[in-house]
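Here is how the chains run, residue by residue.
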Amino acid sequence: MEAVAELPFEMGMIYEGERIRGPDMYVELGGPKVKYKAELTQSREASEIEDGLVKVIGPDLSEMEEGGRYNFGILMEVAGEKIEKDLEAVLERRIHEFCNYVEGFMHLNQRYDIWCRVGKKAYGKGLTSLKFLGMALVKLFKAELPIIEKIQFTFITDESEVVEFHSRALEIYKARDARARELKDEDVDEFYGCVLCQSFAPTHVCTVTPTRIALCGAITWFDARAASRVDPKGPNFPIPKGDLLDEVRGEYSGINDVTKEKSLGEVERVYLHSIFDHPHTSCGCFESIAFYIPEVDGIGIVPRDFQGEAVNGLAFSAMATQAGGGKQSHGFLGMAIEYMRSPKFLQADGGWERIVWLPSQTKEAVLDSIPEEMRDKVLTENDVNNISDLKDKLIEVEHPVVNRWEEEPEEAGEERDLEAPVMELPGEMVGLPAGSGVRIILENARIHADRVILKKEGK
Amino acid sequence: MRILVGGKGGTGKTLVSGLIVRSLIEGGVEGPILAVDADPDANLGEALGVGVESTLGLVREELLENQRRMGPEVDKRVWLESKIYEIITEGQDFDVLTMGRPEGPGCYCAVNNILRNLLDTLSSSYPFLVIDAEAGLEHLSRRTTGKVDEMVIVTDLSVKGFMTARRIVDLAESLGSRFGKFHLIANRVVNGGGALGALSSRVGIDIHTIIPEDPEVTRADIEGRSVFTLGDESPSYASIRSFVGKEILREESG
């Protein structure tokens, strides 16, 4: 095989996206119809690798039945001075891309879902051995990624060998995921921005960091990174972190700069982990809303699918106007459900110790992320449905926000400089008791009118 | 070439789409055709006689439901691409992609952005694309359709049908040059179509092809037979075959 200088196919980016349909395929390797398939990249010591070696364990293409489907494994082993364990996943991802550079070979999906097809035409032209594919991959990887000093491939088609390889790969993916889930904002150089929703909210910019998933719940830091690489001119782009201005609130000069630019000057400062002062803006896509409850100095959360009114008497839809639209609303934050699982979840505001109310279904879903001592203290719609009962209930369960009340002087008076933030009035002024002697301070109020109609008197 | 079949619901878009696919195949076009069932109320797969196991709508929901359980590094684009391939029903001369149910209340911006991109790539690998479009014109107004070469609008003999045709033309024109030619097809025309002239002049679009009321189509529908079972002499198939021959295949070869 080493003597073969020429590969029996063309290679290049133009073959990416080439689709091999069922009637045109010679064989299928992996895919939804077979049980065991996997691809894996592993870093090794240089001495463990024979550079350029391609092995096939089990029947090769020429020994397969036309139209057949086979269990399939791809093991890629690499060595290089600069190759670290963390790069394995990044290199593994490129197998998909480079396999698709090969004319007549289709590669879909990743990890334990890979699905490959060899075209009849390509087989007819000489792609009769997986060794050719391996040789092509060796060539492509070394040309594109010079940090790889040595590389070898093993293709596995023998059924029992694939089963064994598959279970070994699953363990490795699991460990890799556990590591990735622990990734902190401090561990990365770049965050990512997303302006996918600017058609709805022209001044909204989403910042996605390892500890803050996009508020739609659909874009993780990894997703945004992948998207910005696939389509550098697309809606996802890197945000250099710049200086860390406030560790607790999560304020970075890089985020401020990019947000200011992309929000057309509308938003100048952003706190990643607070609902006060400079909360992250929202389009309208958030999965849930965190809202300040001034009466108890706590925070409630209402998810999009919650029917009826939240504990403050407002429905999700009523508060959505306040949280969305790309504007910063002190005391309101649109966020993903997944963000509640973040180690930095609203850390500037007290995190879970500040959360007083959360509908039961959502509470159940994120229960394992709620600190154990708080699990009985975060109330749900089954415990309380209105503000007047909320206070008593919080005292009853000894919720930590109760301590905040005691710290405040009883005779504070109306003029005192509020430590606790003043809430902007929601769009509709629901639930304000008439003649209660309450003074309303409209701090930083903005008046919005959909239309201004000028009419001549008497017409 | 992209052919989009639109029109008011219930006018026979799916029949026309299916017959266009058949006419292309029997007209001897090279390469496979991708038939896209983009109308949640229709069933193009059935009209073409193929089973449909899953839809793009279900795949989209699967992603939204399972994304937390996927590894954080799993590339959703790559996952979606594979799933699209999985739900396409592959035939000898044509494949069928079924879009399925519309979106729920959550946020679909991110997933739709990926899907748009993937569908563009996918459709460009087929020489022919026939889309059975939704009556509500969502694809046009949300620009999920991409460039369309031939816009086929189906109507029956109702004023509403013709008004919908007018709206489609207006909407398409307001979106600029991404649309090629328009063809208005009147379906289920009875009594020699005496009312056609008045209707067409009322909305200002000429009728291109007339499909007479066809009892064989009704029978096939009841018996659950595909458009491939209609006889060559069936008036529906004859009309569409002649339309495809004159308007699409001729352009393709010239």
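Residues numbered from 1 in each chain as written. Chains lettered and ligands numbered in written order. Predicted model: local features only at pLDDT ≥ 70, side-chain atom pairs only at ≥ 80, totals over all residues.

### Remarks on the overall build of chain B
The criterion, for reference: For helices the rule is a DSSP run of H or I covering at least 4 residues; for strands it is a run of E covering at least 2, with both sets numbered from the N terminus onward. Put simply, the radius of gyration uses C-alpha atoms, and a globule should come to 2.2 Å times the residue count raised to 0.38. Buried residues are those with 20 or more other C-beta atoms within 10 Å of their own C-beta, exposed residues have 12 or fewer, and partly exposed residues lie in between; C-beta atoms are placed from the backbone. What counts as a contact here is a pair of residues whose C-beta atoms, placed from the backbone, lie within 7 Å.
The secondary structure content of chain B amounts to 10 helices and eight strands. Compactness check: chain B gives a C-alpha radius of gyration of 18 Å against a globular reference of 18 Å for 254 residues, within 12% of the reference. For chain B, with 254 residues in total, the buried portion stands at 45%. Within chain B, contacts between residues at least 6 apart in sequence are counted, and of these 79% link residues at least 24 apart.

### Examining the environment of Leu 108 of chain A
By the element assignment, Leu 108 of chain A lies in strand β6 (residues 105-108). Separated by 191 residues in the primary sequence, Leu 108 of chain A and Ile 299 of chain A have C-alpha atoms spaced 45 Å apart. If we ignore the near neighbours within four places in the chain, the residues touching Leu 108 of chain A are Trp 115 of chain A together with Glu 81, Ser 82 and Tyr 85 of chain B.

### As for the pairing of strand β15 (residues 298-303) of chain A
Residues and elements named next belong to chain A. Applied cut-off: Think of it this way: DSSP has to see at least two bridges between two strands before they count as a pair.
Burial analysis of β15 places five of its six residues in the buried class, the great majority of the element. When strand β14 (residues 288-293) meets β15, the two strands line up antiparallel, connected through six bridges. Opposite Ala 290, over in β15, you have Ile 301 as the bridge partner. Connecting the antiparallel pair β14 and β15 is a turn made up of four residues, with Asp 297 showing a positive phi of about 55°. Bridge analysis of β15 against strand β17 (residues 355-357) gives two bridges, and the strand direction is parallel. Counterpart to Ile 299 in the pairing with β17 is Ile 355.

### Notes on the sheet that holds β6 of chain A
All names here are of chain A. Here four strands make up an open sheet; going across it, the order is β4-β1-β7-β6 and the pairing mixed. Every other strand in the sheet has two partners, leaving β4 (69-70) and β6 as the edge strands with one partner each. With two bridges connecting them, strand β1 (residues 25-30) and β4 associate as parallel partners. Residue Glu 28 lies in a different strand from β4, and its bridge partner there is Arg 69.

### Some points on the domain arrangement of chain A
Put simply, the rule reads: Residue ranges for the domains originate in an automatic or database domain assignment.
Each assigned domain of chain A is listed with its residue range as follows: domain 1 (13-181) and domain 2 (185-407). Using only C-alpha atoms to locate each centre, domain 1 of chain A and domain 2 of chain A end up separated by 41 Å.

### Overview of the interface of chain A and chain B
What counts, and what does not: Amino acids outside the nonpolar list (Ala, Val, Leu, Ile, Met, Phe, Trp, Tyr, Cys, Pro) and the charged list (Asp, Glu, Lys, Arg) are all regarded as polar, and Gly is one of them.
On the side of chain B, 28 residues touch chain A, which itself brings 34 residues to the contact. Listed by contribution, the elements that provide at least two residues to the side of chain A that touches chain B are α1 (88-99), α4 (159-181) and α5 (221-230) of chain A. Per element, the largest residue contribution to the side of chain A that touches chain B is five residues, and it comes from α4 of chain A. Counted by class, the side of chain A that touches chain B contains 17 nonpolar, six polar and 11 charged residues.

### With respect to the confidence of the model for chain B
Detailed conclusions should not be drawn from predicted coordinates in areas where pLDDT is low. Heads up, the rule is: As a per-residue quantity, pLDDT reports the predictor's confidence and falls between 0 and 100.
Overall, the predicted model of chain B reaches an average pLDDT of 87, with 93% of residues at or above 70. Looking across chain B, the model is least confident in helix α6 (residues 138-141) of chain B, with a mean pLDDT of 60, and most confident in helix α1 (residues 13-26) of chain B, with 96.

### Some remarks on the nonpolar core
For clarity, the cut-off: Note on definitions: a nonpolar core is a set of buried residues drawn from Ala, Val, Leu, Ile, Met, Phe, Trp, Tyr and Cys, linked by C-beta atoms within 7 Å.
The biggest cluster of nonpolar side chains holds 186 residues, and the ones touching the most others in it are Cys 216, Ile 289 and Val 356 of chain A. The two domains that each donate at least three residues to this core are domain 1 (13-181) and domain 2 (185-407) of chain A.

### Considering α1 of chain B
Each α-helix turn comprises 3.6 residues. Residues three or four places apart therefore point the same way. Residue and element names in this part refer to chain B. Here is the rule we go by: Multiplying 1.5 Å by the residue count of a helix minus one yields the expected span of that helix.
Taking 1.5 Å per residue as the helical rise, α1 with its 14 residues ought to reach 20 Å, and the 20 Å between its terminal C-alpha atoms agrees with that figure. Of all the 14 residues making up α1, 12 are buried; the element is thus mostly covered by neighbouring parts of the structure. Listed in full, the buried residues belonging to α1 are Lys 13, Thr 14, Leu 15, Val 16, Ser 17, Gly 18, Leu 19, Ile 20, Val 21, Arg 22, Ser 23 and Leu 24. A positive backbone phi angle near 80° is found at Gly 28, which sits one or two residues after α1.

### Remarks on the confidence of the model for chain A
Residues with a pLDDT of 70 or more make up 87% of chain A, whose mean pLDDT is 88. Per-residue pLDDT stays below 50 along residues 410-438 of chain A; that stretch engages in 29 contacts with residues further than four places along the chain or on separate chains.

### Some points on helix α7 (residues 316-323) of chain A
Residues and elements named next belong to chain A. For the record, the criterion: Starting at the helix axis, one direction is taken to each C-beta atom, and the arc is that of these directions.
All of the buried residues in α7 are Phe 316, Met 319, Ala 320, Gln 322 and Ala 323. The arc that holds every buried residue of α7, seen down its axis, measures 160°, which confines them to one face. Once α7 ends, the next one or two residues include Gly 325, with phi positive near 75°.

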